[in-house]
Amino acid sequence: MEVEGNSNTGRTGASIGDALESGKTFLVQSNPEEQLPDLGEEAKMWQKEKYDFVPGEDKDQEDVNPTTAGDLAHTEDDNISLKGPLHSDLGPYFWDGQRRIDYVLTYSVVKAPRARRVPSNSFIRSLRESLNRSFRHTRAVAPPEKDPEIDMQEQRLDHHEDDMHFQREEFEQKLADMGLELEREEGTKVPGVGFLKIHAPWSVLCREAEFMKLKMPTKKKYSVNPGSNIVEKINVFINKMTAHFYTRVEDNRMHSEKHLSYPFSREKQHLFDLSDRDSFFNSKIRSLIVFEILKRTKCTKAKYNIGMNNLIANGVYTSAYPLHDGETEGVDVEPNDRKLLYEEWASYSLFYKYQPIGLIRKYFGEKVGLYFAWLGVYTQMLIPASIVGVIVFLYGCATVDSNIPSMEICDERNNISMCPLCDRPCGYWSLVTACGTARASHLFDNSATVFFSIFMALWATMFMEHWKRRQMRLNYIWGLTGFEEEEDHPRAEYEFHVLQKKLKNENSSKVKHHKLTCRDRMPAYMTILITMVFMILLTVAIVLGVVLYRISITTALQLSSASAFRSNIRATVKTTAAIINLIAIIIMDEIYGVVAHWLTVKEVPKTDKSFEERLIFKTFVLKFANAFTPIVYLAFFRGRLVGRPGNYLYVVGSYRMEECAHAGCLMELCIQLCITMLGKQLIQNNLFEIGIPKLKKLIRRLKSKQNSKQEEEFQKTLACHQKDYFLNPYVGLNPEYMEMIIQYGMVTLFVASFPLAPLFALLNNIIEIRLDAKKFVTESRRPVAARAKDIGIWYNLLRGLSKVAVIVNAFVIAFTSDFIPRLVYQYMYSPDGTLHGFVNHSLSYFNVSDFQNNTDPPQPVGYRVEICRYKDYRDPPWSDTPYELSREFWNILAGRLAFVIIFQNVVMLMTDFLDWLIPDIPKDISLQIHKEKNLVVELFMKEEQGKRLQRKRQSTESLVQSRHAQASDC
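Source: prediction; values computed, not measured.

Here the focus is the overall build of the protein. The helix and strand inventory of the protein stands at 30 helices and 19 strands. In the protein, which comprises 970 residues, the proportion classed as buried is 47%. Sequence separation of at least 24 residues holds for 78% of the intrachain contacts in the protein that already meet a minimum separation of 6. For the protein, the accessible area works out to roughly 50000 Å², and carbon and sulfur atoms hold 58% of it.

Our focus in this paragraph is a nonpolar patch on the surface. Judged by side-chain polarity, M522, M526, L529, I530, V533 and L537 come together as a nonpolar surface patch covering roughly 560 Å² of accessible area. Structurally, L529 is set in helix 17 (residues 518–559).

Let's shift gears to the nonpolar core. Core analysis: the biggest nonpolar cluster contains 112 residues, and W374, Y378 and F750 have the highest contact counts within it. At 15 residues, the largest contribution of residues to this core is made by helix 12 (residues 366–399). In this structure Y378 touches W459, F463, M740, Q743, Y744, V747, A761 and N765, once residues within four positions along its chain are discounted. Among the nonpolar cores identified, the runner-up in size contains 48 residues, and L175, A200, L271 and M308 belong to it.

All chains considered together, the criterion is met by 48 aromatic pairs. When the centroid spacing of 5.9 Å and the interplanar angle of 40 degrees are considered together, the rings of F463 and Y744 count as tilted. Of the two residues, F463 is situated in helix 15 (residues 448–477) and Y744 in helix 24 (residues 734–748); the sequence distance between them amounts to 281 residues. Taken as a pair, F463 and Y744 share a single burial class, namely buried. Seen from the ring of Y363, R782 lies directly overhead, with NZ or CZ sitting 3.8 Å from the centre.

Here I587 shows up in helix 19 (residues 569–603). Sequence separation of I587 and Q684 is 97 residues, and the distance between their C-alpha atoms is 9.5 Å.

Its place among the elements puts N414 in the loop between helix 13 (404–410) and strand 12 (417–418). Residue N414 is classed as partly exposed on the basis of its relative accessible area, which comes to 33%.

On to unusual backbone geometry, then. Even without a glycine there, the phi angle at V604 is positive, about 55 degrees. Looking at the element boundaries, V604 is found in the loop between helix 19 and helix 20 (608–636).

Further remarks concern the side chain of S817. For S817, the position within the fold is in the loop between helix 26 (793–816) and helix 27 (819–829). Here F819 takes part through its backbone nitrogen, which lies 3.4 Å from a polar atom of the side chain of S817. Leaving out residues up to four positions away in the same chain, S817 has contacts with D445, L666, V812 and R896.

The predicted coordinates ought not to be read in detail in places where the model reports low pLDDT. Of all residues in the protein, 78% attain a pLDDT of 70 or more, and the chain-wide mean is 77. Mean pLDDT per element in the protein: strand 2 (residues 49–54) is the minimum at 32, and helix 12 is the maximum at 92. The low-confidence segment residues 1–82, where pLDDT is below 50, has 153 contacts with residues more than four positions distant or belonging to other chains. This model gives residues 112–144 a pLDDT under 50, and the stretch forms 42 contacts once residues within four places in sequence are excluded.

This part covers the state of the cysteines. Should the sulfur atoms of two cysteines be covalently bonded, the bond is a disulfide. Enumeration according to the criterion identifies 2 disulfides in this entry. A sulfur-sulfur distance of 1.9 Å marks the disulfide that ties C410 to C435. Residues C410 and C435 are joined through a disulfide that is right-handed, its torsion about the S-S bond being 95 degrees. Here C435 lies in helix 14 (residues 435–444) and C410 lies in helix 13, a separation of 25 residues in the sequence. The exposure class assigned to C410 is partly exposed, which follows from its relative accessible area of 22%. What pairs with C419 in a disulfide is C868, and their sulfur atoms sit 2.0 Å apart. Taking the sign of the S-S torsion, about 85 degrees here, the bridge from C419 to C868 comes out right-handed.

On to helix 8 (residues 283–296), then. When the terminal C-alpha atoms of helix 8 are compared, their 20 Å separation across 14 residues agrees well with the 20 Å that a helix rising 1.5 Å per residue should span. Judged by how many residues are buried, helix 8 sits mostly within the fold: 11 of 14 residues are covered. Among the residues of helix 8, S283, K284, I285, R286, S287, L288, I289, V290, E292, I293 and L294 are the ones counted as buried.

Turning to the pairing of strand 6 (residues 193–199), a few remarks are in order. A large share of strand 6 lies buried, amounting to 7 of its 7 residues. Burial along strand 6 is two-sided: V193, F195, K197 and H199 facing one way and G194, L196 and I198 facing the other are all buried. In this sheet, strand 6 lies alongside strand 4 (residues 103–108) in antiparallel orientation, the contact comprising 6 bridges. Paired with V104 across the two strands is K197, which belongs to strand 6. Pairing between strand 5 (residues 181–185) and strand 6: 5 bridges, direction antiparallel. When the sheet's bridge partners are listed, L182 is paired in strand 6 with I198.

The next subject is helix 24. Between its first and last C-alpha atoms helix 24 spans 21 Å; for 15 residues at 1.5 Å apiece the expected length is 21 Å, and the two agree. Among the 15 residues that make up helix 24, 14 are buried, leaving the element largely enclosed by the rest of the structure.

The next thing to look at is empty space enclosed by the protein. Taken as a whole and judged by the stated rule, the model has 9 cavities of 30 Å³ or more. Its boundaries defined by the atoms lining it, the second largest cavity holds a volume of some 130 Å³. If you trace the second largest cavity, you find it lined by A457, A460, T461, M464, E465, R799, S802, K803, V806, M908, T911 and D915. Of all elements in the fold, only helix 15, helix 26 and helix 29 (887–917) reach the threshold of two or more residues within the lining of the second largest cavity. Here the lining of the second largest cavity takes 5 residues from helix 15, the largest share from any one element.

A few words now on the packing of helix 10 (residues 337–344) against helix 25 (residues 757–779). Running from amino to carboxyl end, helix 10 crosses helix 25 at an angle of 150 degrees, the nearest separation of the two axes being 10 Å. What the angle tells us is that helix 10 and helix 25 run roughly antiparallel. In the packing of helix 10 onto helix 25, the handedness of the crossing is left-handed. The residues of helix 25 that touch helix 10, namely those facing R338, L341 and Y342, are K774, V777 and T778. Across the contact of helix 10 with helix 25, the residue classes break down as 3 nonpolar, 1 polar and 2 charged.

Another point: the packing of helix 15 against helix 24. For the pair helix 15 and helix 24, the least separation of the axes is 10 Å and the interaxial angle reads 145 degrees. Contacts between helix 15 and helix 24 involve M456, W459, A460, F463 and M464 from the former and Y744, V747 and T748 from the latter. Taken together, the residues that form the contact of helix 15 with helix 24 break down as 7 nonpolar, 1 polar and no charged.

Below, the discussion takes up the environment of Q852. Mapping Q852 onto the fold places it in the loop between strand 18 (843–847) and strand 19 (867–871). In the structure, Q852 is positioned 205 residues away from N647 in sequence and 7.7 Å away in space, judged by C-alpha atoms. Sequence-distant contacts of Q852, defined by excluding residues within four places in its chain, comprise G646 and N647.

Reading the values: rules and limits
- Residues numbered from 1 in each chain as written.
- Predicted model: local features only at pLDDT ≥ 70, side-chain atom pairs only at ≥ 80, totals over all residues.
- Heavy atoms only, no water.
- Helix = DSSP H or I, 4+ residues; strand = E, 2+ residues; numbered from the N terminus.
- Buried < 20%, exposed > 50% of the residue type's maximum accessible area, 1.4 Å probe, protein only.
- Contact = heavy atoms within 4.5 Å.
- Areas by Shrake-Rupley, 256 points an atom, 1.4 Å probe, with all protein chains shown as cover.
- Patch = residues over 30% accessible without salt bridge, like charges linked within 9 Å, V, L, I, M, F, W, Y side chains within 5 Å.
- Salt bridge = Lys/Arg side-chain N within 4 Å of Asp/Glu carboxyl O.
- Core = buried A, V, L, I, M, F, W, Y, C linked by side-chain atoms within 4.5 Å.
- Phe/Tyr/Trp six-rings, centres within 6.5 Å; stacked < 30°, edge-to-face > 60°.
- Lys NZ or Arg CZ within 6 Å of the ring centre and 35° of its normal.
- Polar contact = N/O pair within 3.5 Å; in protein donor to acceptor, adjacent residues only side chain to side chain.
- pLDDT = per-residue confidence, 0-100.
- Disulfide = S-S within 2.5 Å.
- Expected span 1.5 Å × (residues − 1).
- Pairing = 2+ DSSP bridges.
- 1 Å grid on protein atoms, 1.4 Å probe; cavity = no way out; pocket = protein on both sides within 12 Å on 5 of 7 lines; lining within 4 Å.
- Points joined across faces, edges and corners; volume = space filled by probe spheres on them.
- Axes fitted to C-alpha atoms, helices over the stretch in contact; angles between N-to-C directions.
- Parallel < 35°, antiparallel > 145°, perpendicular 65-115°, else oblique.
- Left-handed = near helix turned anticlockwise from the far one by under 90°.
- Nonpolar A, V, L, I, M, F, W, Y, C, P; charged D, E, K, R; others polar.

Structure follows, in structure tokens:
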């Protein structure tokens, strides 16, 4: 409780008035053991308060006095104030240096605050009001007159500030009633910001740990059986081979002994090792317990229950966060988990070492630990995929000179005149000019592509199975085998809408249970449906805009007189269009994230878990469509909606739909994938994650008008809770997961056209792990240690992408590449069983006299073209059915459809067989879980047996004593 004034115990009301006039602050603590004389109730209440002088806020004073904080609740140990401080005043502790800060709430402090009322003590409030009245009567000079409008605005602002102040008082009083110890700090080096520091004493920790069913290690240890002798020898061999890849935090290995874990119980405290109470509940568990209390504590204003989220949204509090353990750099820094993570994890030089997943979980919680464990498994599994992808690419490089179709295209003796790529300005062109594109296409479109697609489908299954086994192993190591997520508390927004519905229907006696039904959410569902469809159509419109850009730029470059432009038209248009697509994807990604959040808020989910899952699904749909719509167009639509010479398909007036190169659209698909993947990883992921925090730091430095040395000196004088205030707020794991899910789609969905995608993903993830580590350890506030036993909805999305990838790759091989046409020609139409003559077989004939009016191209100088060729399977103009689809077309289409069906079913069968063959739970882990259950039963049986023996001994002793008493009486 804070009082405006300056007084010591036993001073008179006049001295209190002098202190009130001087504007000082007091630390108010109750001392129940102090003996008070019989002076009446109000005087006894007054003397019962112990006031310690605390300096008020001084503008010239830079150092923070350790007693500038008001102690709003009291420790269980009254002698704690008699002890000296155990820790530095800059560490994560209260001003006494003993009680640890488990959580911090911040709020805005008005520069010139009005005199605040203290509703918890009516005597002090009435005394202060009387003193203020006496001060007003004794002043000689009347206050100056104010502008009425300004005065009205100030009154409204003051009323708003008082309203928020009383809400904070009510909320903090309820926190104190829950047993938390609070300490308020104002007038520090952070101007305009007040800090409410929260400490959970031992009794509160024990109570909440029992309520939350937290599994804690008991005193009993048991040996971990590594399995059979062969398995043990294999594990020993693997540990020796990989010893160099482990950090100093060797928590990834299976230890020979393990503590038996059991849900904490205050009645069974003797089972746990409580010799060191300070370390029994580590900082992660302490912050989690305080967060759970904050989440369920609500203050009442009128008829509305306002929780923590509403208080932050309404500006009553500006932020809430747990503290980091300490500093990461410095000679005099005390050893802590944060410093260890900084040295052994958040360093780019350790890119080849395993992550200390156990320490990450210990410091950040299971949810963050599972994300980095999943990211580590995904990155490790990319290594074999990258190796195979590089081999496939090198195979294409090695066989490019022996590839018969590309050799026929590059042969200048085959003087084949091709039909123009656009109307009027574009002329006839020679097939030999497509030599470079044909050779480049062979690097990604060869016989090894089919093998690589099958391999990647099996790789995806192996990755999912490996992760399930790794997840179960972590659940066992972390004591989460019996953990079941409890039903989450309803969100404050949901309760607010339910209350509105209740007030609306309070006259209706039929409604007994109030909740939001599907009918109540129908307007929100319609808004979501219309908005999602509109956003997807907007993505399609952007892709069509890029298509029009390609068509118009191609025509403009063809009209150019510069030979350099005409010779590099395709390369210029492909590259610039892919870059424009990338810029549009990056911009729309940010917009879609905001839209998805707005739609989820409109839906009003009941719990935080439901809110998160619905937000993830909407964001995934929008961002997935944004990233893959251009790729889907290139893979399955470009070159198929063109028409034929003399009967082309036109859009937006006279613009002809674009065609694929002679070697197919696979090369353009590869370029689009490469630029999109590298651009998103380098620009959107890494550059934004590194550049934006650096830019914010620079702007903050410019605003403070301090150079780097002054800012460094200023940072050294700040306490831990003040330093953490300047860190970036924790935004959750959803952006990190979403980034990796989109990358996983790039790696698996169209890998048939880009075998180097796993290699690029591997190189990105090696940097991404250390970048995220540095961000979590040094640049972001510490997240609340949320508990989880799996990665949630992300696993379902990964599994769905893996299934879809099989179908997509089957269609890419069948319809986008020339694999099936080459196969059909070689076994049905080739005279010698080779690919000689395939290029001529794949080209149809067109009589230039059949061009429509004003669409015929200019004739080349020196010779006249009567027949031009185009890539399609149509009957020649001299046949009975000119320009109709030929028999070869239908044979190739049947081969393509047959390949899709066979490929899909064979690969699905193989993946399902692998899924069945590999058990989800490792055998040694299942044995250890069963052993642990038996040990728990054995432990409690021994305890019950000990209790029975103790009761029997006590009854025997009481019986002996009673007999001795009877004998003495006799």
